[in-house]
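What follows is the residue order along each chain.
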Amino acid sequence: SEDAPGISSISNSNAAPGDSITINGINFRQAMSVTIGHQAASFSITSNTQLAVTVPDDVISGDVLVTTNGGIAKFGLFTPTFPAITVNKLQTISGSISGIAYISGSNFYRVTDVRFSTTAPGLFTGSSGFKVINSTMIAAPIPIDAAWGPILVMATGRNVSGQSIEKFVPIPTIYGFFPVSGMS
């Protein structure tokens, strides 16, 4: 039977998503999985006493676990650090209402809201159904009341937000005319 694994230390228990960390311990040669805060992490076995691990994008606070045929090693609380959100570019500078705006930037982890400017100064309207494609790209439906101005990306659980420098410009949509006929 295989000896039980053990974790003696972690190089950084506050690393950010995507960062590399090192787990030190014993009996890692047959490691099958590593999880950080219940999220599977990619890893490589560098030796029987060391694992090179990449912090997953969807990481949450929690224990670090290494699973081998010999058992599960557990190491105390891992609390990730999330860098500030940066909105670099609006791939869709202008778009029709109900179209899709593509927003590029960085650190789009745990995004909870994407908001577009409205005609009222300083007020924003939410974009329901936005999709975080990855940590650098978001696809957001353009709300019906979107107006010229910046787009705000928020991660309320992280207490951070980022605002676009470029201004979004909605393309007007004509739904009809009134009166439908008149003098020429």
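Reading the values: the criteria
Residues numbered from 1 in each chain as written. Predicted model: local features only at pLDDT ≥ 70, side-chain atom pairs only at ≥ 80, totals over all residues. Heavy atoms only, no water. Pairing = 2+ DSSP bridges. Helix = DSSP H or I, 4+ residues; strand = E, 2+ residues; numbered from the N terminus. pLDDT = per-residue confidence, 0-100. Buried < 20%, exposed > 50% of the residue type's maximum accessible area, 1.4 Å probe, protein only. Contact = heavy atoms within 4.5 Å. Polar contact = N/O pair within 3.5 Å; in protein donor to acceptor, adjacent residues only side chain to side chain. Axes fitted to C-alpha atoms, helices over the stretch in contact; angles between N-to-C directions.

Asker: Any chance you could explain the pairing of strand β7 (residues 71-78) here in plain terms?
Answerer: As a general feature of sheets, a regular strand has side chains that alternate between the two faces. With 7 bridges joining them, strand β6 (residues 62-68) and β7 adopt antiparallel strand pairing. Note on β7: the bridge partner recorded for Val66 is Ala73. Between the end of β6 and the start of β7, which pair antiparallel, lie 2 residues.

Asker: Even after reading the chapter, I still don't get the confidence of the model for the chain, so can you show me in this structure?
Answerer: Should the pLDDT be low somewhere, the predicted coordinates at that spot are not to be read in detail. This prediction gives the chain a mean pLDDT of 83; 79% of its residues lie at or above 70. When pLDDT is averaged over each helix and strand of the chain, the minimum, 52, is found for strand β9 (residues 94-96) and the maximum, 98, for strand β5 (residues 50-54).

Asker: Looking at this model, I keep getting lost on the environment of Gln50. Mind explaining?
Answerer: With respect to the helices, strands and loops of the structure, Gln50 is situated in strand β5. You can call Gln50 partly exposed: its relative accessible area is 31%. Taking the C-alpha atoms as reference points, Gln50 and Gly25, 25 residues apart in sequence, are found 6.2 Å from one another. Discounting residues that sit within four places of it in the chain, Gln50 has contacts with Thr22, Ile23, Asn24, Phe28 and Ile45. A polar atom in the side chain of Gln50 sits 2.8 Å from the side chain of Asn24.

Asker: Hey, could you run me through the sheet that holds β7 in this one?
Answerer: Reading across the sheet, the 7 strands line up as β1-β2-β5-β4-β3-β6-β7 and stay open at both edges, with antiparallel pairing between neighbours. A single partner strand is all that each edge strand has here, and the edge strands are β1 (6-10) and β7. Each neighbouring strand pair of the sheet contributes to a mean axis angle of 30°, computed without reference to strand direction. Pairing of strand β2 (residues 20-26) with β5, which is carried by 5 bridges, proceeds in the antiparallel orientation. By the bridge assignment, Ser20 is partnered in β5 with Thr54.

Asker: Explain unusual backbone geometry to me, please; I cannot follow it from the model alone.
Answerer: A negative phi holds for most residues other than glycine; trans holds for most peptide bonds. One non-glycine residue with positive phi stands out, namely Asn27, at about 60°. Mapped onto the fold, Asn27 is located in the loop between β2 and β3 (33-36). In this structure, Arg110 takes a positive phi of about 55° despite not being glycine. Within the secondary structure layout, Arg110 lies in the loop between β10 (100-106) and β11 (113-117). Note on Arg110: relative accessible area 35%, which makes it partly exposed.

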